[in-house]
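Here is how the chains run, residue by residue.
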Amino acid sequence: MKVQASPKLDTRDLAIFGKPPAFAEKVHVGRPNIGNRERLLGRINDMLDRNWLTNDGPYVQQFEKQIAEFVGVRHCVAMCNGTVALEIAIRALGLTGEVIVPSFTFVATAHALQWQEITPVFCDIEQSTHTIDPAQIEKMITPRTSGIIGVHTWGRPCDIDTLEAIAWRRNLQVLFDAAHAFGCSYKGKMIGGFGRCEVFSFHATKFFNTFEGGAVLTNDDALAEKMRLMRNFGFRGNDNVIYIGTNGKMTEVCAAMGLTSLESVDEFVETNRRNYHAYRRELNGIPGLTLLAYDESEPTSYQYIVVEVDEQVVGLGRDELVQVLVEENVLARRYFFPGCHRMEPYRSYFPHAALTLPETEKLCRRVMVLPNGTSVDEGAISQIGQVMRTAVSNAAAVRARLAGSESSLPVQSETATRSTTA
Ligand code: T4K
């Protein structure tokens, strides 16, 4: 990544005013971390020599063992991706009818339910935590409710104790979408061991990746056994299918990447941590911008650099600020925009859902995520911070300029957003 020489100290230095972008190449959110290439290639060569490419091969078995040890949980069932892992976990737990989930999540959480004709019932989040609001959950329980899926958004655990207590009291199952939360912990215990089970994603864009991949972790022996059957068509031994199943297997090459990533996991976290603190320094004191904080007394991955934009204070909306950054080749992302409840098929099924999700609605309009990981360094972060500072300090001029230009973002204005719920 090459930072262009000129600092962006003045409005006229910004790319939206026709100056060269801050970065010669695009800087992405979710650029994969690659560990030791030689060790990865060595493993791939061994795999090719063995001529064993998938179907519970030696790398997958080793990967499962090491992940289970890392997290401190009895079973890790590796899968081809996080979405299929969620689907299998949901099915193995026998969830039916309705399941309560936050709408502020990646759409896979909801799809994994709806794919099996289970209705995701969207619950609001707490503004301070960005995770499901336990106080709202109770109001959404009906006789058809079979479970709750909490999402550890940004790797910050949801209120696990309260969710488990509600589930116990109301005789519901609780599981966690921990796609963001590998390497994070809750009250001193690693995420992976809570609820009936927890689901990780190891997609390329996660700080710890297996190219594509996921896993379900559980301390429940019978549940783990059931999920192993389900991910392999229900086969127990040759020609003996004892259960309905699908193909959820992780391949050997993905496990090879996972084993290699695991060797570098501390390094990845340290890079993220350093970058997070650099962002803290750079964004400090910019009025109206709040960088989401991590609880540093707990292990965390520091993967997500989440900024909330208060339009009233900044004088620019989140979308405008994202547009300024995109023109500088910084591909900041609007996370979980516009919210699952505004995506199909949910938008058609529940046209009035927004009325019960005020905090989700607000957050979807305010949040953006900035690049992190091994592909950015302090120099790049300093330049990104400078662009944001300059844009905010000159909000009126920036807004006027953007109003006269074509937006590259598929912007859904607040007015347009509201009208879809009416
Ligand atoms: N639950 C939650 C809470 C999740 O966040 C996710 C996944 C899931 C469940 C499901 O897990 P998986 O089935 O995915 O394992 C990405 C990821 O595809 C997805 O894994 C992730 N969450 C979601 C939040 O983000 P996109 O649509 O943002 O990906 P994409 O292709 O736009 O890539 C993002 C950026 O990363 C791009 O700017 C380019 C860069 N990139 C991406 C890839 C794949 C690279 O530089 N190299 C690459 O190889 O969905």
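Residues numbered from 1 in each chain as written. Predicted model: local features only at pLDDT ≥ 70, side-chain atom pairs only at ≥ 80, totals over all residues. Heavy atoms only, no water.

A. Structural view of unusual backbone geometry. At the junction of phenylalanine 337 and proline 338, the peptide bond is cis and its omega measures out at 0° in the coordinates. A cis geometry characterises the amide bond from glutamate 344 onward to proline 345, with omega recorded as 5°. Tracing the sequence through the fold places proline 345 in the loop between strand 13 (330–331) and helix 12 (346–349). A positive phi is found at histidine 130, a non-glycine position, where the angle reads about 70°. Note on histidine 130: relative accessible area 1%, which makes it buried. (Helix = DSSP H or I, 4+ residues; strand = E, 2+ residues; numbered from the N terminus. Buried < 20%, exposed > 50% of the residue type's maximum accessible area, 1.4 Å probe, protein only.)

B. Local environment of a nonpolar patch on the surface. Together, Phe233, Phe235 and Val241 make up an exposed nonpolar region whose accessible area comes to about 240 Å². Position of phenylalanine 235 among the secondary structure elements: in the loop between helix 7 (221–230) and helix 8 (252–263). (Patch = residues over 30% accessible without salt bridge, like charges linked within 9 Å, V, L, I, M, F, W, Y side chains within 5 Å. Areas by Shrake-Rupley, 256 points an atom, 1.4 Å probe, with all protein chains shown as cover. Salt bridge = Lys/Arg side-chain N within 4 Å of Asp/Glu carboxyl O.)

C. A look at the state of the cysteines. The tally for this structure, following the rule as stated, stands at zero disulfides. Not engaged in a disulfide, the cysteine cysteine 364 finds its nearest cysteine sulfur in cysteine 340; these two sulfurs lie 8.5 Å apart. (Disulfide = S-S within 2.5 Å.)

D. Region of interest: the nonpolar core. Core analysis: the biggest nonpolar cluster contains 103 residues, and Ile67, Trp154, Phe182, Leu370 and Met388 have the highest contact counts within it. The residues contacting methionine 388, other than those within four sequence positions of it, are Leu283, Ile286, Leu289, Val307, Leu321, Leu325, Met368 and Leu370. The next biggest cluster of nonpolar side chains, apart from the first, holds 32 residues, and it includes Leu95, Val107, Val199 and Cys340. (Core = buried A, V, L, I, M, F, W, Y, C linked by side-chain atoms within 4.5 Å. Contact = heavy atoms within 4.5 Å.)

E. Layout of the side chain of glutamate 298. Mapped onto the secondary structure, glutamate 298 falls in the loop between strand 11 (289–291) and strand 12 (305–309). The charged side chain of glutamate 298 is buried without a salt bridge, its nearest counter-charge being lysine 187 at 8.3 Å. Sequence-distant contacts of glutamate 298, defined by excluding residues within four places in its chain, comprise Ser185, Tyr186, Lys187 and Gly188. (Lys, Arg positive; Asp, Glu negative; His and termini not counted.)

F. Representation of the pairing of strand 3 (residues 98–102) within the structure. Burial runs high along strand 3: five of the five residues are buried. Burial of strand 3 is two-sided: the residues Glu98, Ile100 and Pro102 facing one way and the residues Val99 and Val101 facing the other way are all buried. Where strand 3 lies against strand 4 (residues 119–123), five bridges are found, and the strand directions are parallel. Opposite isoleucine 100, over in strand 4, you have valine 121 as the bridge partner. At this point the chain moves from strand 3, through helix 4 (residues 107–114), to the parallel strand 4, and the crossover so formed is right-handed. Two elements, strand 3 and strand 5 (residues 145–151), share three bridges in a ladder whose sense is parallel. Bridged to isoleucine 100 within strand 5 is isoleucine 148. (Pairing = 2+ DSSP bridges. Right-handed = clockwise from strand over helix to strand, strands pointing away.)

G. Up close: the site of the ligand. Surrounding the ligand, one finds 23 residues, the nearest of these being Arg31, Thr83, Asp177, Ser201 and Arg333. Here an oxygen atom of the ligand and a backbone polar atom of valine 29 are 3.1 Å apart. Interatomic distance of 2.8 Å between a side-chain N/O atom of arginine 333 and an oxygen atom of the ligand. For the ligand, whose free accessible area comes to 930 Å², the fraction covered by protein is 74%. Broken down by secondary-structure element, the contributors of at least two residues to the shell around the ligand are helix 3 (82–92) and helix 4. Of the residues that constitute the shell around the ligand, the class distribution is seven nonpolar, twelve polar and four charged. (Near = heavy atom within 4 Å. Polar contact = N/O pair within 3.5 Å; in protein donor to acceptor, adjacent residues only side chain to side chain. Nonpolar A, V, L, I, M, F, W, Y, C, P; charged D, E, K, R; others polar.)

H. View of the confidence of the model for the protein. In this model, the protein carries an average pLDDT of 94, and 95% of its residues clear a pLDDT of 70 or more. The model gives residues 410–422 a pLDDT under 50, and that stretch makes 21 contacts with residues more than four places away or in other chains. (pLDDT = per-residue confidence, 0-100.)

I. The arrangement of the packing of helix 11 (residues 318–327) against helix 14 (residues 378–393) in detail. Where helix 11 contacts helix 14, the two axes come as close as 10 Å, and the packing angle between them is 130°. As judged from the angle between their axes, helix 11 and helix 14 are oblique. Here helix 11 and helix 14 pass one another in a crossing that is right-handed. In contact with Leu321, Val324 and Leu325 of helix 11, helix 14 contributes Ile384, Val387, Met388 and Ala391. Considering only residue class, the contact of helix 11 with helix 14 consists of seven nonpolar, no polar and no charged. (Axes fitted to C-alpha atoms, helices over the stretch in contact; angles between N-to-C directions. Parallel < 35°, antiparallel > 145°, perpendicular 65-115°, else oblique. Left-handed = near helix turned anticlockwise from the far one by under 90°.)

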